[in-house]
Amino acid sequence: MMRLPRFRYLAPASLPEAVKVLGDLGPEAMPLAGGTDLVPNMKRRQQTPANLVGLRGLAALRAVSGDAGRGLTLGAMTRLAEVERGPVAAGWPALARAAATVATPPIRNTATLGGNLCLDTRCSYYDQGEEWRRSIGYCMKREGETCWVAPGSDRCWAVSSSDTAPVLCALGAEVTLLSRGGERRIPVAELFADDGIRHLSRRPDELLTAVHLPPVEAGQRAAYVKLRRRGSFDFPVLGVAARVRLSAGGTVEAARIFLGAVGSRPQEARAAADFLVGRRLGDEEVIREAARLAAQVAKPMQNTDLTLGWRKGVAREYAARALRELVG
Ligand SMILES: Cc1cc2nc3c(=O)[nH]c(=O)nc-3n(C[C@H](O)[C@H](O)[C@H](O)COP(=O)(O)OP(=O)(O)OC[C@H]3O[C@@H](n4cnc5c(N)ncnc54)[C@H](O)[C@@H]3O)c2cc1C
Ligand code: SF4
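Only a predicted model underlies this, so the values are computations on that prediction, with no experimental measurement involved.

**Student:** Please clarify how the packing of aromatic side chains should be interpreted in this entry.
**Tutor:** Aromatic rings in a pair are described by how distant their centres are and how their planes are angled relative to each other. Inspection of every chain in the model, using the stated rule, returns one aromatic pair. Here the guanidinium or amino end of Arg122 rests over the ring plane of Phe235, the centre of that ring lying 3.6 Å away. The ring of Trp157 has Arg155 sitting right over it, with the charged end atom 3.7 Å from the ring centre.

Here it is as structure tokens:
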């Protein structure tokens with residue numbers, strides 16, 4: 001049985017108290033939401049914060065307000081089981097679907113949206129017990145010096161495996177980050193950095209408090225398709241999120257496409273989205289060319305499930321599948 005390392009558990013009773021604690025302790029503390037990622041990581045000694053700041057008692061982080069017409073604000077502690085249904089399912093079904101593909105029902109009853117966005121990056125050389133990692137001399141992400149995936153590389157290529165992140169990027173959602181110094185609101189796409197170690201632009205003293213979904217526009221359609229080894233539950237080895245706005249005649253007026261699990265952050269397929277604008281999505285030739293362009297941003301490494309060449313090839317098929325879903 002793997003045991004947790006020693007830590008101090010702090011249970012702030014208010015948001016100001018929570019950000020004060022995070023500000024005082026800096027990198028010595030980590031927020032604990034549902035714990036479905038952080039607790040196993042602590043057991044494997046991948047993350048060993050001396051202090052955990054429990055967010056469970058902060059009712060403000062569970063508030064949900066708005067609707068499809070005005071936009072929706074979801075507190076960071078909204079559980080994925082709630083994201084699957086209710087106002088999200090009614091207005092932003094692609095996000096509800098992404099949430100519904102995370103892990104299993106019991107995990108989604110505990111796991112939160114904020115935790116899903118701040119999920120640690122993953123790699124087959126890193127998601128191992130401490131003894132296994134010690135036997136290879138660890139790696140650059142923690143305690144070692146070498147990246148076993150790309151030994152000549154000076155950066156870590158661990159993968160962003162959040163299912164909701166690519167959809168939120170494609171939808172143009174924003175997050176609020178709160179610290180003692182005040183609030184800042186940034187696009188979800190700017191929360192992520194292309195580095196397996198420093199993969200978030202969030203500072204250690206900042207708490208992610210809310211996720212803001214923009215109002216649903218006339219002609220808006222969005223889709224999320226996920227590739228994983230087991231259909232019942234598994235982390236994605238590829239996720240394709242696409243969002244378009246169609247004119248009354250069916251021409252694409254705006255498009256955004258993001259690929260998840262093929263890089264250290266959700267990868268934007270800008271050339272594919274630009275290609276779609278002004279074209280009719282119902283045309284299979286258009287879909288195939290956009291999918292070809294989208295697949296170009298998929299540069300998977302040998303550090304997740306399934307073989308590298310196959311994963312690269314299948315990106316085009318999954319991009320096409322997502323675009324066909326938009327057609328209906
Ligand atoms: C068996 C299994 C299968 C899984 N499958 C998937 C999957 O298919 N897809 C997927 O996306 N995930 C998967 N996960 C990972 C995890 O369950 C989810 O990503 C979940 O949403 C994490 O949320 P949490 O609330 O449990 O986060 P926690 O574990 O509490 O925290 C995760 C990280 O986010 C930080 N954090 C949490 N909340 C905040 C906040 N408000 N502000 C700042 N930082 C914060 C924590 O400090 C920590 O670094 C799986 C996990 C397991 C155990
Ligand atoms: S990509 Fe390299 S440095 Fe990063 S976790 Fe994997 S082996 Fe370690």
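**Student:** Looking at this structure, I do not really get the nonpolar core. What am I missing?
**Tutor:** Side chains of nonpolar character tend, in soluble globular proteins, to be buried together. Leu95, Leu117, Leu168 and Leu213 are the most contacted members of the largest nonpolar core, which totals 37 residues. Those elements that provide at least two residues to this core are strand S5 (71–75), helix H3 (80–83), helix H5 (93–100), helix H7 (113–117), helix H9 (164–171), strand S6 (174–179) and strand S8 (207–213). A per-element tally of this core places H9 first, with six residues. Among the domains, domain 1 (61–118 + 159–213) and domain 2 (220–327) are the pair contributing at least three residues each to this core. Setting aside anything within four residues of it in sequence, one finds Leu168 in contact with Leu95, Leu113, Leu117, Ala173, Val188, Val211 and Leu213.

**Student:** For this particular structure, what's the right way to read the site of ligand 2?
**Tutor:** All residues adjacent to ligand 2 are Cys123, Tyr125, Tyr126, Cys139, Met140, Lys141, Cys147, Trp148, Val149, Cys156, Trp157 and Ala158. Of the residues in the shell around ligand 2, the class split is eleven nonpolar, no polar and one charged.

**Student:** Mind showing me how you'd approach the site of ligand 1 here?
**Tutor:** Ligand 1 sits among 33 residues. The nearest are Pro31, Gly35, Thr36, Thr112 and Asp163. In the model, an oxygen atom of ligand 1 is placed 3.0 Å from a nitrogen or oxygen of the Lys226 side chain. The fraction of the free accessible surface of ligand 1 (980 Å²) that becomes covered by protein chains is 93%. Broken down by element, the residue count for the shell around ligand 1 peaks at three residues, all from strand S2 (residues 29–32). Split into classes, the residues belonging to the shell around ligand 1 amount to 19 nonpolar, nine polar and five charged.

**Student:** What is the right way to read the sheet that holds strand S11 (residues 252–260) from this model?
**Tutor:** Pairing between the strands of a sheet is mediated by backbone hydrogen bonds and can be parallel or antiparallel. Pairing is antiparallel in the open sheet, where four strands are placed in the order S9-S10-S11-S12. Every interior strand has two partners, whereas the edge strands, strand S9 (220–227) and strand S12 (267–268), have only one. Sheet analysis places strand S10 (residues 238–246) next to S11, joined by eight bridges and oriented antiparallel. Along S11, the bridge assignment pairs Arg245 with Ala254.

**Student:** How should I be thinking about unusual backbone geometry in this particular structure?
**Tutor:** Comment: phi is negative for the bulk of residues other than glycine, and the bulk of peptide bonds are trans. Although it is not a glycine, Ala261 adopts a positive phi angle of roughly 70°. In this structure, Ala261 sits in the loop between S11 and S12. Notably, Leu306 is not glycine yet its phi reads approximately 65°, a positive angle. In this fold, Leu306 is placed in the loop between helix H11 (284–295) and helix H12 (308–327).

The rules behind each value
Residues numbered from 1 in each chain as written. Chains lettered and ligands numbered in written order. Predicted model: local features only at pLDDT ≥ 70, side-chain atom pairs only at ≥ 80, totals over all residues. Heavy atoms only, no water. Phe/Tyr/Trp six-rings, centres within 6.5 Å; stacked < 30°, edge-to-face > 60°. Lys NZ or Arg CZ within 6 Å of the ring centre and 35° of its normal. Core = buried A, V, L, I, M, F, W, Y, C linked by side-chain atoms within 4.5 Å. Buried < 20%, exposed > 50% of the residue type's maximum accessible area, 1.4 Å probe, protein only. Helix = DSSP H or I, 4+ residues; strand = E, 2+ residues; numbered from the N terminus. Domains from an automatic or database assignment. Contact = heavy atoms within 4.5 Å. Near = heavy atom within 4 Å. Nonpolar A, V, L, I, M, F, W, Y, C, P; charged D, E, K, R; others polar. Polar contact = N/O pair within 3.5 Å; in protein donor to acceptor, adjacent residues only side chain to side chain. Areas by Shrake-Rupley, 256 points an atom, 1.4 Å probe, with all protein chains shown as cover. Pairing = 2+ DSSP bridges.

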